[in-house]
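Structure assessment
These are the residues of each chain, in order.
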Amino acid sequence: MKKCFLLLLAAMILCAAHTAVYAEPTPTPGDAGGSYPLISYGSTGEMVVRIQLRLRELGYFDYKPTGNFQSMTVEATKKFQQNQTDANGLPIISDGTVGDQSRALLFTPGVKRVDIEAHIPIGSQISDGACTPGELLLWSDVQTKLTEGITYSVTDFNTGTQFDMVYCGGDGHAEMECANTVDTASFKETFGGEFNYSKRPVVINIGGTMVAASLQGYPHGDDSVAANEMAGHACMFFEASLSHVGKLPDVEHAAQVRKAAGK
């Protein structure tokens, strides 16, 4: 009987050891208790798409989001992590996985981008403002006032540069294209002379009402306006607008919208 008990005890110890070897990875330092699944090589799904989109927006990832966390995404994540610090100013672990710490930093408005400011002059706020702040209107209200195919005047809040854009539809936010090549040139000038993923506060004239908005500077997706030297549309966000991915709010666009409203 004693021999059977010892054999049973040994089997339980071996089983426990085997389980420990194949346990889930320990969350990286700074993870809030591992409240989200660790994203690592081979992970797939919506969160991976969101991570890839955000890495691309910040300048670390130069490829089309696939929802598959493979070697190129791992390397982009490492580059991102190598450029970040924690709340104490210390470097974070750059292992190419996305735990709670990296995820929180990734979607923080003040996160460190690739140093685009070094070669793209974003433009600073002109004293007393370049234009009168716009009204802070909800996207649900703005959407009812916009007409697809109609041209609207847009003013960059920081510099006062004006250009016309055509409303091409949109669900959680407006999809806009420059009306012609002259407007595209002004659009690019506003973003430092080239298309990029920066977001700027703008004011758009909708039927005589000046509305606060945020405009992204990189054309993508469907192209509705011909011969304007702008391949695709640019996203324009308003108060309570949502992104394409996961129908989630965008904290950076939200901050720019409020800036355009003088908040």
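Notes on the structure follow. Keep in mind that what you see is a predicted model, and the values were worked out from it rather than measured.

**Considering the pattern of salt bridges**
The full count for this structure, using the stated rule, is 10 salt bridges. One salt bridge in this structure joins Arg54 and Glu252, with 2.9 Å as the shortest N-O distance. Here Arg54, found in helix α2 (residues 46-58), pairs with Glu252, found in helix α7 (residues 251-260); they are 198 residues apart in sequence, far enough to count as distant. When salt bridges that share partners are traced, they join Arg54, Glu57, Arg113, Lys199, Asp250 and Glu252 into one network.

**Some details on the nonpolar core**
Judged by nonpolar contacts, the single largest core of 24 residues is most densely connected at Met165, Phe187, Ile204, Leu215, Met236 and Phe238. Elements that contribute at least two residues to this core include exactly α5 (139-145), β1 (151-156), β2 (162-167), β3 (174-178), β4 (199-206), β5 (209-216) and β6 (234-237). Setting aside residues up to four positions removed in sequence, Leu215 forms contacts with Phe163, Met165, Phe187, Phe191, Ser198, Lys199, Arg200, Val202, Ala234, Cys235, Met236 and His253. Core analysis: the second largest hydrophobic core is formed by 14 residues, Tyr60, Val74, Ala76 and Phe80 among them.

**Comments concerning the environment of Asn83**
Assignment of secondary structure puts Asn83 in the loop between α3 (71-82) and α4 (100-106). Taking the C-alpha atoms as reference points, Asn83 and Arg113, 30 residues apart in sequence, are found 8.0 Å from one another. Asn83 has contacts with Tyr60, Lys112 and Arg113, leaving out every residue within four places of it along the chain.

**Examining the packing of α2 against α3**
Contact pair α2 / α3: the axes reach a minimum separation of 11 Å and the direction vectors enclose 55 degrees. Between α2 and α3, the angle falls in the class oblique. Crossing angle aside, the handedness with which α2 passes α3 is left-handed. Along the contact surface, α2 presents Gln52, Leu55 and Leu58, while α3 presents Thr73, Ala76, Thr77 and Phe80. Along the lines of polarity and charge, the residues of the contact of α2 with α3 split into 4 nonpolar, 3 polar and no charged.

**A few points about the pairing of β2**
Regular strands show a simple pattern: their side chains alternate between the two faces of the sheet. By the bridge criterion, 5 bridges tie β1 to β2 in an arrangement that is antiparallel. In the sheet register, Thr151 faces β2, and the bridge partner there is Val166. Counting the residues in the hairpin turn of β2 and β3 gives 6 residues, including Gly169, whose phi is positive at 105 degrees.

**Quick word on the packing of aromatic side chains**
Within this structure, the stated rule accounts for 6 aromatic pairs. Plain terms: the ring middles of Tyr60 and Phe80 are 5.5 Å apart, the flat faces sit at 85 degrees to each other, and that makes the pair edge-to-face. Here the residue Tyr60 occupies a position in the loop between α2 and α3, and Phe80 occupies one in helix α3, the gap between them amounting to 20 residues. Here Tyr60 matches Phe80 in class, with each residue buried. Ring plane angle 70 degrees and centroid distance 5.5 Å describe the contact between Phe61 and Tyr63, whose orientation is recorded as edge-to-face. Here Tyr63 falls in the partly exposed class, since its relative accessible area comes to 42%. Taking the ring centre of Phe107 as reference, the NZ or CZ of Arg50 above it sits at 5.0 Å. Directly above the aromatic system of Phe195 lies the positively charged group of Lys188, at a separation of 5.0 Å from the ring centroid.

**Topic: helix α6 (residues 181-190)**
A turn of α-helix holds 3.6 residues, and therefore any two residues three or four places apart point the same way. Buried within α6 we find Asp183, Thr184, Ser186, Phe187 and Thr190. Down the axis of α6, the smallest arc covering the buried residues is 160 degrees, so these residues share one side. Turned more than 90 degrees away from the buried face of α6, the exposed residues are Val182 and Glu189. Structurally, α6 contributes buried residues whose contacts are with β1, β2, β3, β4, β5 and β6. Measuring from the backbone nitrogen of Val182 back to the side-chain oxygen at the start of α6 gives 3.0 Å, which picks out Asn180 as the cap. Taken from the residues just after α6, Gly192 is the one with a positive phi, measuring 90 degrees.

**Some words on the sheet that holds β3**
The 6 strands lie next to each other as β1-β2-β3-β6-β5-β4, forming a closed barrel whose pairing is antiparallel. Neighbour-to-neighbour, the strand axes of this sheet turn through a mean angle of 45 degrees, independent of strand direction. Two strands pair when backbone bridges link them, and β1 and β4 are joined in this way by 4 bridges, in the antiparallel orientation. Bridging from a neighbouring strand, Thr155 pairs with Val203 of β4.

Rules used throughout
Residues numbered from 1 in each chain as written. Predicted model: local features only at pLDDT ≥ 70, side-chain atom pairs only at ≥ 80, totals over all residues. Heavy atoms only, no water. Salt bridge = Lys/Arg side-chain N within 4 Å of Asp/Glu carboxyl O. Helix = DSSP H or I, 4+ residues; strand = E, 2+ residues; numbered from the N terminus. Core = buried A, V, L, I, M, F, W, Y, C linked by side-chain atoms within 4.5 Å. Buried < 20%, exposed > 50% of the residue type's maximum accessible area, 1.4 Å probe, protein only. Contact = heavy atoms within 4.5 Å. Axes fitted to C-alpha atoms, helices over the stretch in contact; angles between N-to-C directions. Parallel < 35°, antiparallel > 145°, perpendicular 65-115°, else oblique. Left-handed = near helix turned anticlockwise from the far one by under 90°. Nonpolar A, V, L, I, M, F, W, Y, C, P; charged D, E, K, R; others polar. Pairing = 2+ DSSP bridges. Phe/Tyr/Trp six-rings, centres within 6.5 Å; stacked < 30°, edge-to-face > 60°. Lys NZ or Arg CZ within 6 Å of the ring centre and 35° of its normal. Arc of directions from axis to C-beta. Polar contact = N/O pair within 3.5 Å; in protein donor to acceptor, adjacent residues only side chain to side chain.

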